[in-house]
Amino acid sequence: MAETMTGARALRSAGDPAVEVATGDGPASAAGRAGRPFDPVALRADFPILSTLSHGRPLIYLDSAATSQKPLTVIDAVDRWNRVQNANPHRGIYELAESATNAYEEARARAAAFIGAPDARELVFVRNATEAINLVAYAWGRQSIGRGDVIVLTEMEHHANLVPWQILVQEADADLEFIPFDDEGRLRLDVLDVLLRLKPKLVAFTHVSNTLGTINPVREMTEMAHAAGALVLIDGAQAVPHLPVDVAEIGCDFYAFSGHKMLAPMGSGGLWARRELLEAMPPFLAGGDMIREVHLRRSSWNDVPWKFEAGTPDAAAAVGLAAAVDYLAALGMDAVRAHERDLTAYALETLRREIPGIAIYGPDADHRGGVVAFNLPDVHPHDVAQVLDRHAVAIRAGHHCTMPLHERLDLSATVRASFSVYSTRADVDVLVEGLHDVMRIFGPGA
Amino acid sequence: MDDLYRDYILEHYRRPHNFGVLESPDASFEGNNPLCGDRITIMLGIRDGVVAEVAFTGRGCAISQASASLLTDEIRGKRVEEVRQMTPDDLLDLLGIEVSPARLKCALLSLDTVSHALAERRPDGPGEPAAPAAAGGES
């Protein structure tokens, strides 16, 4: 059981300067950091879990690509909802219900603005990016994909942006094609160019790879796909928490993201889609709140986005998402990206220098989000993770829901360290210490 | 830490016993844990209801490979019925380490694979299982 850390080791390594970057123009947030230099060490105090212990040592959390930790403002927003705001949105006429509806819709407006959506009504609240993509595959896909149609994906997709399309093309007797990646983990746009001659109906790809970290040229890819007449869906689960994202500027048609990877609670997430697409799509889930009129043998649908929000939503998570958005906006997403780029460069350099024989997958820090997947020579990733656990280093070992990507690299698994706003060079230093211990245990002559 | 990666576990991992193939096994099965990528194939040569020969190949984490090494040592010479009755606890006793729930699948893959091999065994296999082409020794 974790306990609060007292007298912990110094969390700031010599290499942890505050990044001097102008902060964004977000609202003066509950975090109260607007206008200050981005300082990952200082803001760790906002994340209670980072003061807990694991095996008696300060937790070194390097699994933010799986899920991020939550700042106090988010924890408090969820708590406040349950203490004084809870009522079923869109359903009551009493004061509490009205204020619950307002809070829920205000959360939508803030989340929509955060990703550059021109209209808050283009943002459907979902549980996570997986649900967002499934929504499109079912509602848009079943209406729009027929026999012989082509959907283009990439070989680096998370299973969430692969399996829903596999199911769809099986049902529709359609086809999938894949954009491969090169040895640096960059997508082969020359192959996309060729695949577009097949006149695909949809090109769907991740904004940032959750395994290689590759930041894909989403705007260029969107332009290419549109020029060939295809719609574009982007999986932004690993982008929205780490980069400035503006869906209008990208120009895509669908954009999916998860709240829990961007400091918000699990159960919050969004699907942004162009209004006319949402209008034309049939419902996904059916039930309460998504209807206008219901008769015994027929019904009509509510306006968007509520047409896609059947049943009572996780409104507390939505309110938490709004608090997370405020927190990130106050830091400024340019500053967040600068911090994570700097930290990733430090991690790549330190790991290559300190760990002989390490294999690191993916591009350089300029083209990579805060994700570093690697393998040590002759040690299985699970053994690496197990030893690191005793150093209180939390990292992921396995295929990270990207089995085809691992197959392409002829690997069964990798070890993955991933960062967020609160990650520091000191975290990387403890990771390296732990890896030295792995080498000691498993290395030759040990 | 060293509760898990004890010297004998690492020794079995580096130089697994019974690592190799049987040319014409009476029972064989490839087991895997897709989540972690552990993969082993266990081959059995059975004579008069007894496991006369056993070999395995595969790759995976130290726990899964050491477990296969120890288990194959254990079942050679045992009656098939006894092997069938082995429980996960028997194998964990054999391993002699505290395995966390997250690693249980790694530890138990070998026994699971043996169980499948026996379940899928041809009722009357060839009478003379070949000697292991390569047994023990290599890491």
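Structure shown above.
Described in the following lines is the structure provided in the data block.

The rules behind each value
Numbering of residues begins from 1 in every chain and follows the order in which that chain's sequence is written. Both sets of labels track the order of writing: A upward for chains, 1 upward for ligands. Local features in this predicted model are restricted to residues of pLDDT 70 or higher, and side-chain atom pairs are both shown and tallied only at a pLDDT of 80 or more, whereas totals for entire chains, interfaces and linings draw on every residue. Hydrogens and waters are ignored; side-chain quantities use all the structure's heavy atoms. We treat two strands as partners when DSSP finds at least two bridges between them. To qualify as a helix, a DSSP run of H or I must reach at least 4 residues; to qualify as a strand, a run of E must reach at least 2; elements of each kind are numbered from the N terminus. Lines fitted to the C-alpha atoms define the axes, with helices restricted to the stretch that makes contact. Angles between their N-to-C directions range from 0 to 180 degrees. The contact criterion used throughout is that any non-hydrogen atoms of two residues lie within 4.5 Å.

**Here we look at the sheet that holds strand 13 (residues 359-361) of chain A**
All names here are of chain A.
Move 1: A sheet is described by the order of its strands in space; here 4 strands give the open sequence 13-14-17-16, paired in antiparallel fashion. Strands with a single pairing partner mark the edges of an open sheet, and in this sheet they are strand 13 and strand 16 (396-398). Here the average twist between neighbouring strands, direction ignored, is 30°.
Move 2: Sheet analysis places strand 14 (residues 371-375) next to strand 17 (residues 414-418), joined by 4 bridges and oriented antiparallel. When the sheet's bridge partners are listed, Val372 is paired in strand 17 with Ala417.
Move 3: Set on the sheet, helix 12 (residues 381-390) makes contact with strand 14, strand 16 and strand 17; between it and strand 16 the angle comes to about 160°.

**Quick word on the sheet that holds strand 10 (residues 269-273) of chain A**
Residues and elements named next belong to chain A.
Move 1: Overall, mixed pairing links the 7 strands, which are arranged 4-10-9-8-7-5-6 in an open sheet. The open sheet is flanked by strand 4 (123-126) and strand 6 (175-179), the only strands paired with a single partner. Neighbour-to-neighbour, the strand axes of this sheet turn through a mean angle of 20°, independent of strand direction.
Move 2: As judged from the 4 bridges shared by strand 4 and strand 10, these two strands associate in the antiparallel manner. Of the residues in strand 10, the one forming a bridge with Val126 is Gly269.
Move 3: Along the sheet, helix 4 (residues 129-144) makes contact with strand 4, strand 7 (202-206), strand 8 (231-235), strand 9 (254-258) and strand 10, crossing strand 9 at roughly 150°.

Any functional reading would require information beyond the geometric quantities listed.
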